[in-house]
Amino acid sequence: KTQIIRKTMAVPEHIQKSISQCVSDGDKIALVVHIINTDKVFTLNGLLEDDPVQDEQNLPEGWNKSGDDIISFRYCHPNHTDTTFYIKIVKLSTHLVIHGLKSSAKDKIHTVE
């Protein structure tokens, strides 16, 4: 017999607010990607490449409205101050493609479908 053990933890208020803004499964996956990145000490510093730097963990209002089929995140990391990390989540029909780019990686893009 398999026994399932569930852990309960409090969801921070800023994450609860972001959850309430999710309108699709793609939004929820994008939010999970963001939570993982911030848990790894990345700091969100914009949604698009040319956004003003904001340096915070909270997703701004309308974070999932940058385009109907694209959600973008731009991060920095305290151990890599000269590098910017970009995440683009593209909704393609019933598929979701996640692209990641490190600004110092000579245009090497990592993709997950």
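Located above this text is the structure these notes cover.
Parameters at a glance
- Residues numbered from 1 in each chain as written.
- Predicted model: local features only at pLDDT ≥ 70, side-chain atom pairs only at ≥ 80, totals over all residues.
- Heavy atoms only, no water.
- Helix = DSSP H or I, 4+ residues; strand = E, 2+ residues; numbered from the N terminus.
- Buried < 20%, exposed > 50% of the residue type's maximum accessible area, 1.4 Å probe, protein only.
- Contact = heavy atoms within 4.5 Å.
- Expected span 1.5 Å × (residues − 1).
- Arc of directions from axis to C-beta.
- Core = buried A, V, L, I, M, F, W, Y, C linked by side-chain atoms within 4.5 Å.

Peer 1: Could you give an account of the side chain of Ser-18, with specific residues and numbers?
Peer 2: Here Ser-18 is to be found in helix H1 (residues 13-21). Its relative accessible area of 2% is what places Ser-18 among the buried residues. Setting aside its immediate chain neighbours within four residues, Ser-18 contacts Leu-31, Leu-59 and Trp-63.

Peer 1: How would you sum up helix H2 (residues 25-39)? Please name residues and give values.
Peer 2: For H2, with 15 residues, the first-to-last C-alpha span of 21 Å sits near the 21 Å given by 1.5 Å per residue. Inspection of H2 places Gly-26, Asp-27, Ala-30, Leu-31, Val-33, His-34, Asn-37 and Thr-38 among the buried residues, and these make up the whole buried set. Along the long axis of H2, the arc covered by the buried residues comes to 155 degrees, so they all point the same way. The outward face of H2, more than 90 degrees from its buried face, is lined by the exposed residues Asp-25 and Asp-39. For H2, the elements touching its buried residues are H1, strand E1 (43-46), strand E2 (70-77), strand E3 (80-92) and strand E4 (95-102). Trailing H2 by a residue or two, Val-41 shows a phi angle of about 75 degrees, which is positive.

Peer 1: Requested: an account of the nonpolar core, with residues and values cited.
Peer 2: Judged by nonpolar contacts, the single largest core of 17 residues is most densely connected at Trp-63, Phe-73, Tyr-75, Ile-87 and Ile-89. Those elements that provide at least two residues to this core are H2, E2, E3 and E4.

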